[in-house]
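# Remarks on the overall topology
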Amino acid sequence: MAAAWKRPAGWACAAVLLLSGCTYGASEPGLFPSPRPPVERTAVPGGGFTPQPTNPELPVLGERLWLSAFSDLPITVRIAVHAVRRVERATVLDWSLTPIAAPGFAFGDGLPSMDFGLEPANRGAAGTLIDPAAGLVYQPLRHRSRRVFNHCLCTPLVRLQPDLRIGSTRLLQTVFPALPESLTFVDVGLATVSPIRHVPVSAMGTAPTAVASTDLARPGEVGRAGLGRIDFANPIGSQQFQRIQVSRVLAAPGRSTLEWTVTSLDEQVRHRVLKYPAPVSGDPPPDADLANFSPASGPVLRVGPARLRNLWVRTTVNNRAAYECQCSDLGVWASGLQHAGMAVNLVTNYPALPGRARTVDVEFPGFGTVRGVPVVPVEDAAGKAGAAERVETGRWTYSMEDLPYGWPTAEWPTDTPDTSELAEYESHVEPLMTATAAR
């Protein structure tokens, strides 16, 4: 029997509504993905102001550059991880977003609202904490009540989106379950970029320090994939062609990551939901609801006789068990692929590579194979963390009437969440698995 690829009807409807331009009130951050504007520019260049320079003492334990494909305006964004801190009965991830470039926009110019692709619809919060040795994923805390839309305990991106400016950094937080005392390092997963490896977990009441002066607004360019060319029609049989290319495979203890790109070769069909079957998406766990809409789960890594398929994790959506791909999900953030020449960078995560592989072959079943992709070790975040120091911080609370907005870098170390109401939130710690293991 063929494997079932199922999505609850509400998820599919949400995707249709989002691409047709509907928006939702800011009081509903956890019901659907963050509210999105229609796919059009809502800001024009000019009239900028000079953003505050980055606090030079802000620690940066890992960073990634990401190029958006929302609408027809590519915006380069720096995503950085600053700390994983223990707090009373919980764990805080400190991270940030800094738009650093967009065609026609200068330093300080306001940007159109955009979708970062970092808040999956099933949890409405950015990031996961990963224990690669145990094969476990710690998911963001979610409120138990649907009356308040099962919101995350976090600084939701919907609050930040209307105030994006080139060179302006906002410090953000996501709150997770308490980590075991024995767990002193974690990997940080972010949906659209490769994970940050081996981030030290700071003791309660402490925060890491910087090892070098920090400037998150500095220029940078996203690497472009250039290995192999697999052209395919989407939908199959149409005349709208897109191209797959791969760049590299990142290797880390317990896991590996493929970085790859999809580019539109001509104008695509407009006003339809972005849906990608093979070769972009592959087979999910059998007979399972899927939390992703179009996951980048298609490629298979081949090392000698070994064939590695992507990782999944169990999750819960509307009190139903579902599976979430540990990979990019081509949702509303990738709507720019409707235009010729637009590209999106994708990541797909896998188990550890066998042996000490220096190259791998990347197979897109039924469409072709890209051979000899280089394997690159992932940098160790612990080497970028200065000694932890004791800090005094205030407390912030989540209010539906006034959503948390984050902090400028000058306010590092930032406040931590008020944990007095943690009983109102659900904790989820789930195992990583392949589709085969999920049978």
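No experiment lies behind these values; they were computed from the predicted model shown.

Let us look at the overall build of the protein chain. Looking only at helices and strands, the protein chain has two helices and 25 strands in total. Within the span of the protein chain, comprising 439 residues, buried residues form 58% of the whole. Long-range contacts, defined as pairs at least 24 residues apart, comprise 73% of the intrachain contacts of the protein chain with a sequence gap of at least 6. Summing over all exposed atoms, the protein chain offers an accessible surface of approximately 17600 Å²; the carbon and sulfur share of this is 51%.

With that settled, the discussion passes to the environment of Leu172. Locating Leu172 in the fold gives a position in strand S7 (residues 170–177). Given a relative accessible area of 2%, Leu172 falls into the buried group. Separated by 91 residues in the primary sequence, Leu172 and Val81 place their C-alpha atoms 9.6 Å from one another. Setting aside anything within four residues of it in sequence, one finds Leu172 in contact with Leu93, Asp94, Trp95, Leu97, Thr155, Leu157, Leu160, Tyr405, Gly406 and Trp407.

Under the criterion given, the structure shown has four aromatic pairs. Pairing Trp66 with Phe116 gives two aromatic rings, centres 6.5 Å apart and planes at 40°, and the pair type is tilted. Taken as a pair, Trp66 in strand S2 (residues 62–67) and Phe116 in the loop between strand S4 (90–101) and strand S5 (128–131) lie far apart in primary sequence, 50 residues in all. For Phe116, a relative accessible area of 1% puts it in the buried group. One aromatic cluster is present, formed by Trp66, Phe116 and Trp333 through successive ring pairs. Taking the ring centre of Tyr405 as reference, the NZ or CZ of Arg159 above it sits at 4.3 Å.

Averaged over every residue, the pLDDT of the protein chain is 85; residues scoring 70 or more account for 85%. Contacts for the low-pLDDT stretch residues 1–41, under 50 throughout, to residues beyond four places or in other chains number 87 contacts.

Where charged atoms of side chains with opposite charge meet at close range, the side chains can pair. This structure, assessed with the given rule, holds 13 salt bridges. One salt bridge connects Asp231 with Arg243, and the closest N-O pair in it is separated by 2.7 Å. Linking Asp231 in strand S11 (residues 227–233) with Arg243 in strand S12 (residues 241–252), this pair joins segments that are 12 residues apart in sequence. For Asp231, a relative accessible area of 38% gives the class partly exposed. Through salt bridges with shared partners, one network takes in Arg302, Arg307, Asp361, Glu363 and Arg371.

With that settled, the discussion passes to the state of the cysteines. On inspection of all chains with the given rule, the structure shows two disulfides. In this model Cys152 forms its disulfide with Cys154; the gap between the sulfur atoms is 1.8 Å. Overall, the relative accessible area of 3% leaves Cys152 in the buried class. Through a disulfide, Cys325 is tied to Cys327; the S-S separation comes to 2.1 Å. The sign of the 135° torsion about the S-S bond sets the Cys325-Cys327 disulfide as right-handed. Taken individually, Cys325 and Cys327 each receive the classification buried, so the pair is uniform in this respect. When the cysteines of the protein chain that form disulfides are numbered from the N-terminus onward, they connect as 1-2, 3-4.

Mapping Pro219 onto the fold places it in the loop between strand S10 (206–209) and S11. For Pro219, a relative accessible area of 73% puts it in the exposed group. In this structure, the C-alpha to C-alpha distance between Pro219 and Thr76, residues 143 residues apart in sequence, is 9.3 Å. For Pro219, the contacting residues outside a window of four places in its chain are Arg78 and Ile100.

Considering only enclosed or pocket space, the second largest pocket measures out at about 460 Å³ in volume. Forming the boundary of the second largest pocket are 26 residues, of which Arg64, Leu65, Ser194, Arg248 and Glu259 lie nearest the centre. Going through the elements one at a time, S2, strand S9 (193–202), S12, strand S13 (255–264), strand S19 (343–351) and strand S21 (368–377) are the ones with two or more residues in the lining of the second largest pocket. Considering every element that reaches the lining of the second largest pocket, the biggest residue donor is S2, with five residues. Residue composition of the lining of the second largest pocket, by class: 12 nonpolar, six polar and eight charged.

Conventions used here
Every residue gets a number counted from 1 within its own chain, in the order that chain's sequence is written. In view of the model being predicted, local features appear only for residues whose pLDDT reaches at least 70, and side-chain atom pairs are presented and counted only at 80 or more, with totals across whole chains, interfaces and linings using the full set of residues. Excluded from the side-chain calculations are hydrogens and water; all other atoms, namely the structure's heavy atoms, are used. Every helix listed is a DSSP run of H or I at least four residues long, and every strand listed is a run of E at least two residues long, numbered separately from the N terminus. Think of it in three bands: residues with accessible area under 20% of the maximum for their type are buried, residues over 50% are exposed, and the middle band is partly exposed, with areas taken using a 1.4 Å probe on protein chains only. Only heavy atoms matter for contacts: two residues are in contact if any of them lie within 4.5 Å across the pair. In short, Shrake-Rupley with a 1.4 Å probe defines the accessible areas, and a residue's cover is counted only from the protein chains shown. Classification of ring pairs uses Phe, Tyr and Trp, with its six-membered ring standing for Trp, and accepts pairs whose centres are within 6.5 Å; under 30 degrees between planes counts as stacked, over 60 as edge-to-face, and the remaining range as tilted. To sit over a ring, a charge needs its Lys NZ or Arg CZ within 6 Å of the ring centre and within 35 degrees of the ring normal. The quantity called pLDDT is the predictor's confidence in a given residue, expressed from 0 to 100. The salt bridge criterion pairs a side-chain nitrogen of Lys or Arg with a carboxyl oxygen of Asp or Glu, the two atoms within 4 Å. What counts as a disulfide here is a pair of cysteine sulfur atoms lying within 2.5 Å. We place a 1 Å grid over just the protein atoms. Points where a 1.4 Å probe fits but has no way out form a cavity, open points with protein on both sides within 12 Å along at least 5 of 7 lines form a pocket, and any residue with an atom within 4 Å of a point lines it. Grid points are joined across faces, edges and corners, and a volume is the space filled by probe spheres set on the points. Classes in brief: Ala, Val, Leu, Ile, Met, Phe, Trp, Tyr, Cys and Pro nonpolar; Asp, Glu, Lys and Arg charged; the others, Gly included, polar.

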